[in-house]
Every structure is written in C-alpha cells, then in structure tokens.
Amino acid sequence: MKKKKKNTSENITRKEAIKKIGDYGKYSALTAIGTYLLLHPKTAQARSPANPGDGGGF
Amino acid sequence: MSKLIIKTIEDKKIVWFQNSNSYLIFEPLVAEILCKIDNGIPLGNIKKWCSKKIEIPKESISEFLKNVYAVYNENNLLLKKKEIKVSNCKAPEIFISEKYYFINNLIFKIQFETEFHLLKIHPNFAHLEIESEPEYDFNYTVFNNEESIVLLKNLDFIGKWEHKEAHIFEGKLSMHLLIDIYKNPETEWMGVFHASAVGNGKESILILGASGNGKSTSLALLNANGFDCIADDFVPIDNDKNIHAYPAAISIKKSVIKTLLPYYPELKNSIEYPFKKMNKTVCFLPPKNINFDVKLKCKALVFIKYDSRVEIEITTVSKIEALQQLIPDSWISPTDKNVAVFLDWFLKLSYYQLTYSNNTKMTTIIEKIFNDEL
C-alpha cells in the first residue's frame, strides 16, 4: 500500500488527508469502506512562524 | 495491545493511536476491525466476522484485511523522541538586553543574547515590561549555541532549536510562561490552539483559519466592540475544557492598521516591525483588560476568512471538516487522558465558516452566535 505521510501544520486540505486502504478495482464497496482521513497534530507548541526577526529583516 | 481511543464522529469513527499520536477517521466497520486487531483477536476469526459483514470473495477480504493490518501497524509504531543534547549549553556572560515583565503578579526576567532573540519575544510582551527588579520569580535565558537557539529556565536547560524552528522555540517559551502564570503543569493542559479567543464574560468563541485569513484583525475589531480579548495566536485550554487568557499582544499587519485606527488611535505611533521574508510589517496591539482569573467554556469554533468580495456569509461546517482544519494546526496534549478530553470537548461544539468584509456585520454575527440567535 503506497501512501504519502503528511505532517504539515497549516492548510492541510481534505484531499491531502484522504488515504486508501488498498485498491480493489471492481470492488468499489471495499474502496469506499477503505477510505480514511489521517490527521497529525503538532508535535510541539508553536507560535505563528511569521514574527519579527524572521529572515534577518532588520 | 496498544492504546486506542475510538469515538463516533457523524457516521464515521475517529480512532486515536497513542503510539504515533495520530487521528484517523474510518468507516465504522474498519474501526471495528482495528479494535479486534488491537484486542489480539486472530486473523481467521476477524476474516470470518468480515465475511458476514461484506459480500465479496474471501480472497478480496483477505487482501483488505492485510491492508488494514498494515495501517494498524504503521500507526502503532512508537514515535522516536528527538534527542536533546544538554551538553555545551553554557549561558553567555553578556546579553544585549535583559527585560523584566510583570504578569499575573509574577516577575519574569528574560535575558536575550542577540537582537534576533529579543525581537522574537519582546514585542509580544512589551506592554507588560517593568523596570528592572532585584528579585524575580522566574529567569529565562535565551542565547545561541552551535548556531541554534537555546532556552534555559532558572538556569535549567529547556531546549535547543535550529533557527528555522524559531517558532517552536517561541511556542516552548510561551508554554513555559503559561505553566508559570497559572501554576499548572503541561500535563494539565488539554491543548494549545492556533486561534484567537474572544469572550463575552460568560463564554468564548475560538476564531480559526489559516495565517492571513484575518483572525487577529477580527479579534481586535471584536475587542474594540465590547468583547474581551482572551488570547491571540496561542489559545490555551486546560483539561477541564476551560479557555484561559494569554497575555501576548495581538499581531497586526500594517496593511490593516487603517481599518483599526478609528478604534485604536495608539496604533498610529506604534513600533513597526518589518520582516523581509514574509514581505510584510507588523505592529503589536496590547490586549485590553487581561483577566487571569477568567475561565471560559468554548461556545463555538468559527473558521474566519476576510474576503473583500463577500459582505457577510455564515455557514455551518461539518464535524469532520472542522476537525480536519483544527488538528493539523493544534498542539493537543498526547496523553490518553487529555486526548479523551479533547475529543469529548470537540465533538460537542458548534462549528461555523464566516466569510466577511463588513466589520459591523461580522461583529453582529459573533454576537448572535454567543446569544444562540443563529
């Protein structure tokens, strides 16, 4: 089963989170049953990335 | 057997895997299979049980179950914790700045080695700055070590982050300030949400949305129109499901200052902090009347979006869509006790999508949500 792991913190789209438990061709019922969403919370507390000091703007 | 937490969400099941701290939403049948796998029920028995539930050839069921096992195993892997090297983190003797802040009757001393460190933290708390004090309750030290940012608390090592992870350093310092301010350890917090929290004295509404959608501007507008600013960007909720105030200033983009000037004339003379990387300039607006005794239940989640083409539009959002937007942008305490609290809290809320360009109408809608008039 191939799938990409997403662990992005912002703007995860429904499409990106949707995963499939295998591909069953003509058994669309299994494909439907096997569709799921995968969500990861942040692994650490964070503030918004865009704060003063970023990118040496001073 | 690992720790799973399973709850119903709409017509599906949400399954939390403790080992990977991941949340997966499945059809109920799959959740039931996962539960059987987790309880150590033999594959043959699960296969028989499945055959009664799904009318397809046995080979396909076998293939399906093999893949469900793979999903189970993949999400049941214990995540490796990032190793933190404590050595070689001696604090420097010279700091570019030492600031003192008075927060909830406590004095915090924060030492910054460089201007970069100062600019990361101080603008958020400048409104709480006091003159230097010989005695203080907490001493934080921020400095560079091997091109990383190091944070000490009362000379104890807290963490070390690469510069590209500066927002995580800020988050960790914010979390420690929160722990100190409320004398409540990290394990007693259900989560910290990337949102703005507005209150009406009785309850709170969380305003959510991607960066740039107008969370902070909406909060400032609501604060100017009689609502309380509870927290901006860093909204802490304890494991009794209470939203608490966080005293950081509201970050306001220069481009929206014109909109806010009638309410906040002080913004005209506020310090502007440019940063080239994001091609924008921000000012910091101190929240009015921060009350550290306030504990508010959450009334609703409002996903907000400023859109000049839309005067006002309010729609309800499904639980699954709301969860999908909320989880990747939140720190949720990864203990089983707190995850259970989080899911219970989340599943009972109301969720809305609010798109607007008319500030007055946006304020009215928020008022209506508070008053159950929608």
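Look a little higher up for the structure.
Residues numbered from 1 in each chain as written. Chains lettered and ligands numbered in written order. Predicted model: local features only at pLDDT ≥ 70, side-chain atom pairs only at ≥ 80, totals over all residues. Heavy atoms only, no water.

**Q** Just to check I follow, could you spell out the overall build of chain A for this structure?
**A** If you tally the helices and strands in chain A, you get two helices and two strands. For chain A, the succession of helices and strands along the chain, N to C, is α-β-α-β. For chain A, buried positions account for 47% of its 58 residues. Across chain A, the fraction of contacts at a sequence separation of at least 24, relative to all contacts at a separation of at least 6, is 22%. Counting every atom, chain A has about 3000 Å² of accessible surface; 52% of that belongs to carbon and sulfur. (Helix = DSSP H or I, 4+ residues; strand = E, 2+ residues; numbered from the N terminus. Buried < 20%, exposed > 50% of the residue type's maximum accessible area, 1.4 Å probe, protein only. Contact = heavy atoms within 4.5 Å. Areas by Shrake-Rupley, 256 points an atom, 1.4 Å probe, with all protein chains shown as cover.)

**Q** Would you take a moment to explain the overall build of chain B for this structure?
**A** Within chain B, the regular secondary structure consists of 10 helices and 21 strands. Dimensions of chain B along its principal axes, counting C-alpha atoms only, are 75 × 55 × 40 Å. When burial is assessed residue by residue, chain B has 55% of its 374 residues classed as buried. Taking the intrachain contacts of chain B between residues at least 6 apart in sequence as the baseline, contacts between residues at least 24 apart amount to 66%. For chain B, the accessible surface area stands at approximately 17100 Å², while carbon and sulfur atoms represent 49% of it. Here chain B holds 45 positive side-chain charges and 47 negative ones, and the gap between their average locations is 5 Å. (Lys, Arg positive; Asp, Glu negative; His and termini not counted. Charge placed at Lys NZ, Arg CZ, Asp CG, Glu CD.)

**Q** Could you clarify how one ought to interpret the pattern of salt bridges in this entry?
**A** Here the idea is simple: oppositely charged side chains can pair when their charged atoms come close. Residue and element names in this part refer to chain B. For the structure on display, the rule yields 19 salt bridges over all chains. For Glu-170, the salt bridge identified is with Lys-120, shortest N-O distance 3.4 Å. Here Glu-170, found in helix α5 (residues 166–182), pairs with Lys-120, found in helix α4 (residues 115–125); they are 50 residues apart in sequence, far enough to count as distant. When sorted by exposure, Glu-170 lands in the same class as Lys-120, which is buried. (Salt bridge = Lys/Arg side-chain N within 4 Å of Asp/Glu carboxyl O.)

**Q** Just to check I follow, could you spell out the side chain of B:Asn239 for this structure?
**A** Residue and element names in this part refer to chain B. With respect to the helices, strands and loops of the structure, Asn-239 is situated in the loop between β14 (235–238) and β15 (250–253). Of the polar contacts made by the side chain of Asn-239, one reaches the side chain of Asn-338; its length is 3.4 Å. Apart from the residues within four sequence positions on either side, Asn-239 is in contact with Thr-187, Glu-188, Trp-189, Met-190, Lys-337, Asn-338 and Val-341. (Polar contact = N/O pair within 3.5 Å; in protein donor to acceptor, adjacent residues only side chain to side chain.)

**Q** Got a minute to help me understand the pairing of β15(B) in this structure?
**A** Two faces, one strand: in a regular strand the side chains alternate between the faces of the sheet. All names here are of chain B. Only one face of β15 is covered, namely the one carrying Ile-250 and Ile-252; the face carrying Ser-251 and Lys-253 has none of its residues buried. Here β15 pairs with strand β17 (residues 280–285) via four bridges, running antiparallel. Looking at β17, one finds that Ile-252 is bridged to Cys-283. (Pairing = 2+ DSSP bridges.)

**Q** Would you mind going over the packing of aromatic side chains with me for this structure?
**A** Aromatic ring pairs are described here by two measures, namely the spacing of the ring centres and the angle between the planes. Residues and elements named next belong to chain B. Throughout the structure, instances matching the rule amount to 20 aromatic pairs over all chains. Seen from their ring centres, Phe-193 and Trp-345 are 5.4 Å apart, and the 35 degrees between their planes marks the pair as tilted. Linking Phe-193 in strand β10 (residues 189–193) with Trp-345 in helix α9 (residues 336–347), this pair joins segments that are 152 residues apart in sequence. Each member of the pair, Phe-193 as well as Trp-345, carries the same accessibility label: buried. Cluster of aromatic residues (ring-pair linked, three or more members): Trp-16, Tyr-23, Phe-193, Phe-342, Trp-345, Phe-346 and Tyr-351. Sitting over the face of the ring of Trp-49, Lys-36 holds its NZ or CZ atom 4.5 Å from the ring centroid. (Phe/Tyr/Trp six-rings, centres within 6.5 Å; stacked < 30°, edge-to-face > 60°. Lys NZ or Arg CZ within 6 Å of the ring centre and 35° of its normal.)

**Q** What should I look at first to understand the pairing of strand β9 (residues 156–162) of chain B in this one?
**A** Residues and elements named next belong to chain B. As defined by bridge partners, strand β8 (residues 148–153) adjoins β9 across six bridges and the pair is classed as antiparallel. Within β9, the residue paired with Leu-152 across the bridge is Phe-157. Between β8 and β9, which follow one another and run antiparallel, lie two residues, and Asn-154 among them has a positive phi close to 50 degrees.

**Q** I'm lost on helix α3 (residues 58–75) of chain B in this one. Help?
**A** One turn of an α-helix holds 3.6 residues; hence residues three or four places apart share an orientation. Residues and elements named next belong to chain B. Compared with an ideal rise of 1.5 Å per residue, which puts 18 residues at 26 Å, α3 spans 26 Å between its outermost C-alpha atoms and is within 8% of the ideal. Among the residues of α3, Ser-60, Ile-61, Phe-64, Leu-65, Asn-67, Val-68, Val-71, Tyr-72 and Asn-75 are the ones counted as buried. Angular distribution of buried residues about the axis of α3 spans 160 degrees; they occupy a single face of the element. Opposite the packed face of α3, turned more than 90 degrees from it, sit the exposed residues Lys-58, Glu-59 and Lys-66. (Expected span 1.5 Å × (residues − 1). Arc of directions from axis to C-beta.)

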